[in-house]
Structure formats: C-alpha cells, structure tokens
Amino acid sequence: MHKDVRNVPGVAVATGSSSSSGGRDPRMIRRAAASGFAGSTLEYYDFTVYASAAAIVLPQVFFPSGNPTVALIASLATYAVGYVARPIGAFVLGHLGDRYGRKQILVYAMMLMGVSTFLVGVLPTYHQVGILAPILVVILRLAQGFAVSGELAGAGAMIVEHAPEGKRGFFASFGTMGTQIGGILGAAAFIPLDAALPTDQFLAWGWRVPFLLSALVVIAALIIRNQVEETPVFLDETKSGKPAEVPFITIFRRHPTTVLRAVLMGMANVLGTTAVVFGTAYATQKSYGIGLRPSTFLWVPVAANVVAATIIPLIGRFSDRIGRRPMMIFGPICGGLLAYPYLVAVEHKNVPLTFGLAILMFGVCYSFWNATFASYIQELFPTSARVTGFAVSMNIALLITSFLPTIFAMIAPPGTANVPLVIGGATLGLAVVASLSALLSPETAHRSLAD
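Quick look at the structure, then. Everything numeric here is computed off the predicted structure, so don't read it as measured data.

1. Concerning the overall build of the protein chain
Right, on to step 1. Counting its secondary structure elements, the protein chain contains 24 helices and zero strands.
Right, on to step 2. Rg of the C-alpha trace for the protein chain: 21 Å, near the compact-globule value of 22 Å for 451 residues, within the 12% margin.
Right, on to step 3. Dimensions of the protein chain, computed from C-alpha atoms along their principal axes, come out at roughly 65 × 45 × 35 Å.
Right, on to step 4. Counting all 451 residues of the protein chain, 60% fall into the buried class.
Right, on to step 5. Restricting to contacts in the protein chain with at least 6 residues of sequence separation, those with at least 24 account for 86%.

See below:
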C-alpha cells in the first residue's frame, strides 16, 4: 500500500470541499494553476536565459577557441548536457511524487533549480580559472536538469488532479502559459544589457545579471507553491488499499506503448530548439556570416511568446470542447512546415519576415501542441504512476531534442550551403513524427482520472 501522506512531514491533507469525496475546492484549483504557472515561468526563464547565453556569449566566456565552430558546438553541447540528467531526475522525482505526493517534490525541485541557475551567474570564466570553468558549467547544468525534470510533471499533475472534469485542459494550460512568460522574461533580460553595454562590459559582467535575477523568481514561486494542498485524486489513491507497485515498473510493464508514443509526441519540441536556440546562433554568430545583432534577434522569441501566452488558455479551453488530439496533430505539422521559410528569412536578414514567421511558427502553431500536451499526456497515465509516466516520457523526449542544436551545428556548420533546407527539412521530419504519434493515440479529454 502507498505510504500514507498524512504521515509525511510538510504534506498538507486537503480538507473540506477538496476532500476525498471527490469535490473540488475552487481556491485550490486557482492556487494549483498559479503554482504551475509560477514554476514553469521559472523553469523556462532559466531555459531561455541559458539558451540565449549559449548561443550569444558563452562561446567567448567559457569556451574560447581558435576555431569558432568548435567553441559554438561546445557551448551548445552544455545546453544539451542539462538534459542528460533529466531522465534520471524523472525516475527519482517522479517516483517520489507518485509515492509521497506532488507538492513536496515541487518545492525541492524549484529550490535546486533556482540555486543552480543563480550559481551559473557567479562562475569564474575560462580566462580566470581555465578548464575548471566549463567543468563547473557542466556540473551546474546537470544539477539544474535533475531539478527541472520533475517540475512540469508534478505541477501538471497538481493542476489536472485539482481541476474539475471538463476544464482540465483550460487549467493545465496555465502551467504551459508560464513557459511562454518565462521565455519572454528570459529573452528580455538580455535585451537592455546588450543594447546599453559595450561589448567588453557585456562579456565581462553584463551577461551574469539575468542568471542572478532568477533568485527573485524562485522566492515568488515558492511563496505561491506553499499555499497549495495535496490533490484529492492522489489522496483517494493512497486510501484505496490497492497494492503498491513501483511507478516506473508500472509505466514500462503496463503502458510501454503509451510511453513510446508520448516520447515521440515530445519531438514537437524541435520547433522551439530550431526557432530559439539554433535560430539565434545562426542569426548572430559571426561564423555563419549573417551578423544580426543579438539585441535585434532576442526580440524574436519575445514577440512569439507574447502571442503564445495570449492564445494558450484559449486553446486549452478549446481542447476541453473538441478534444486534445486535434491540437496535438495540427501544431507540430503547422510549425514544421514553417521552419524552412523562417530560416530563409534569417539568412536574407529580412527582420520583419523573420518576426512574422517566428510568431506563426513558435507563437501560434507550436502553441496548439504546447497548450495541450500537459493535460493530454497526464491523462494517458493512471494516478499511481502519473507523475513518473509524464516525467520520464517528456524528459526522454527533451533529452533527444536538446541535442538537436548541437547536431544541427554539426550537420550544417558555418560555411554549409543551404543551411535552411538542411535544418528546415530535419525539423519538419521530426514534427511529422510527433503528429503521427498523436494520431495513433486515444482521445482523453473526457476520460475520468480515476484508475
């Protein structure tokens, strides 16, 4: 039997209308949505800050080399290294979340994630300590990856399990909307610094400021998160008397095809890595010869994320009405088809067209998938293994897609002819895989969360 969460220190047992009777406390629904929003804001603030820094400044600060291609690939590889620890964290934190409750892992994960990001901002550079500098970057990226692996899974379960049936897609969308707000804040954090500071000062200390500011987001998110009680669905599960099975054994023994389909659906994240990470490097690194200013190109994800943050709750509500699968199928295909023209616009330094296509690709098309995947994939797994199933499948997918900017830089390095065709084609291929996987999966919008 599951360990009774009432005996776990710090876990609040829901009372009143959110008790095991199956009712929903409106206050807890709002608090759960706010908690998921705050946590994902922090996660994707960190994501965007590091992604932007890896493309713009870290090659010069931590990976100086006589060969700019080597420095760029090494920098983008540290971005990917953060995802190596995520499957491990998904097993550990997912197991704890399914066994002992969703709330506590969210608090611990957020603290570790915030501290790791903050410490990146105070690291010595390669010129100060030599090879120790990139080693420390890798260690902190591993710690951050471990921490964030349980964030969206735990927060998604918290929201979905608190939300009333018929509105799970809407409330879960607030967690994914936080990813867009985090992206806005992360990209915007570099814009005034890059514009106001001379290059030498920006490389000396200006790039550190966005990392240090993550401490403020952590404090705000923790205050909100501590107001949320454990979910009634999880409490019902702990009192059901069902024999306990290790969660990751459950998902691989009983739901192996679900895990596989969820991983393949996660390939839709290629849209973000192409638009934000590789796209930024392609536009701004001198070795590619395009030479757009970072301050100009950093506005691209800001504009796209503003649009995304606006429409995500609407798409979440729409998924409650017509189903999740149509959104999961349409979004990746739509965005994948725009990858090639988007990179062509970058190549031709057409800033207005780049903005427009980025907004369509990342702000609109990707949002159909991004607004829906948290509720959809949570609903595919049973309560007893929901956090583990979501965390493991999504973090395996993210591990794969996180290496794509590095792979893209290797298969289309500076000097390669027709970079947009090579990278645009690869992006579309992975997007098709994601859409087909959703097509072969069941609809869940009106499925009960009870096992």
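2. Structural notes on the nonpolar core
Right, on to step 1. Formed by 76 residues in total, the largest nonpolar core has its most connected members in Tyr 282, Tyr 342, Phe 373, Ile 377 and Phe 390.
Right, on to step 2. Element by element, the count of residues in this core is highest for helix H19 (residues 325–347), at eight residues.
Right, on to step 3. When sequence neighbours within four positions are dropped, the list of residues in contact with Tyr 282 reads Tyr 288, Ile 290, Leu 343, Val 346, Glu 347, Val 419 and Pro 420.
Right, on to step 4. Grouped together as the second largest cluster of nonpolar side chains are 28 residues, Tyr 50, Ala 53, Ala 187 and Leu 197 included.

3. A word on a nonpolar patch on the surface
Right, on to step 1. A surface patch of nonpolar side chains, amounting to about 520 Å² of accessible area, comprises Tyr 126, Val 129, Ile 131, Leu 132, Ile 135 and Ile 139.
Right, on to step 2. Elements with a contribution of two residues or more to the nonpolar patch: helix H6 (126–129) and helix H7 (132–148).
Right, on to step 3. Along the chain, the position of Ile 139 falls in helix H7.
Right, on to step 4. When its relative accessible area of 49% is taken as the criterion, Ile 139 is described as partly exposed.

4. Describing the side chain of Thr 117
Right, on to step 1. Mapped onto the elements, Thr 117 comes out in helix H5 (residues 102–120).
Right, on to step 2. A relative accessible area of 1% means that Thr 117 is categorised as buried.
Right, on to step 3. Among all residues touching Thr 117, those that are not within four sequence positions of it are Asp 46, Gln 144, Phe 211 and Ser 214.

5. What about the pattern of salt bridges?
Close approach of charged atoms lets side chains of opposite charge pair.
Right, on to step 1. Tallying each qualifying case throughout the model produces four salt bridges.
Right, on to step 2. Across the pair Arg 386 and Glu 161 runs a salt bridge whose closest N-O atoms are separated by 2.8 Å. Of this pair, Arg 386 sits in helix H22 (residues 386–402) while Glu 161 sits in helix H8 (residues 151–162), placing them 225 residues apart in sequence.
Right, on to step 3. On the basis of relative accessibility, which here comes to 1%, the residue Arg 386 falls in the buried class.
Right, on to step 4. Classification of Glu 161 by relative accessible area gives buried; the value is 0%.
Right, on to step 5. Between Arg 324 and Asp 320 there is a salt bridge whose closest N-O contact spans 2.8 Å.
Right, on to step 6. With a relative accessible area of 7%, Asp 320 lands in the buried category.

6. As for unusual backbone geometry
Right, on to step 1. You will see that Lys 349, though not glycine, has its phi angle at about 60°, which is positive.
Right, on to step 2. Structurally, Lys 349 can be placed in the loop between H19 and helix H20 (351–370).

7. With respect to the packing of aromatic side chains
Right, on to step 1. Inspection of every chain in the model, using the stated rule, returns 14 aromatic pairs.
Right, on to step 2. Taking the centre distance of 6.3 Å and the plane angle of 65° together, the rings of Phe 190 and Phe 202 count as edge-to-face. With a gap of 12 residues between them, Phe 190 in helix H9 (residues 168–196) and Phe 202 in helix H10 (residues 199–206) connect regions that are remote in the sequence.
Right, on to step 3. Residue class for Phe 190 comes out buried when judged on its relative accessible area of 2%.
Right, on to step 4. Look at Phe 202 and you get buried, because its relative accessible area is 6%.
Right, on to step 5. Note on Phe 278 and Tyr 282: the rings are 5.8 Å apart at their centroids and 15° apart in plane angle, and the pair reads as stacked. One end of the pair, Phe 278, and the other, Tyr 282, are both in helix H16 (residues 270–284), four residues apart, so they sit about a helical turn from each other.
Right, on to step 6. Judged by relative accessible area, which is 0%, Phe 278 ranks as buried.
Right, on to step 7. Sitting over the ring of Phe 170, Arg 317 keeps its end group 4.2 Å from the ring centre.

Parameters at a glance
Residues numbered from 1 in each chain as written. Predicted model: local features only at pLDDT ≥ 70, side-chain atom pairs only at ≥ 80, totals over all residues. Heavy atoms only, no water. Helix = DSSP H or I, 4+ residues; strand = E, 2+ residues; numbered from the N terminus. Rg over C-alpha atoms; globule rule 2.2 N^0.38 Å. Buried < 20%, exposed > 50% of the residue type's maximum accessible area, 1.4 Å probe, protein only. Contact = heavy atoms within 4.5 Å. Core = buried A, V, L, I, M, F, W, Y, C linked by side-chain atoms within 4.5 Å. Patch = residues over 30% accessible without salt bridge, like charges linked within 9 Å, V, L, I, M, F, W, Y side chains within 5 Å. Areas by Shrake-Rupley, 256 points an atom, 1.4 Å probe, with all protein chains shown as cover. Salt bridge = Lys/Arg side-chain N within 4 Å of Asp/Glu carboxyl O. Phe/Tyr/Trp six-rings, centres within 6.5 Å; stacked < 30°, edge-to-face > 60°. Lys NZ or Arg CZ within 6 Å of the ring centre and 35° of its normal.

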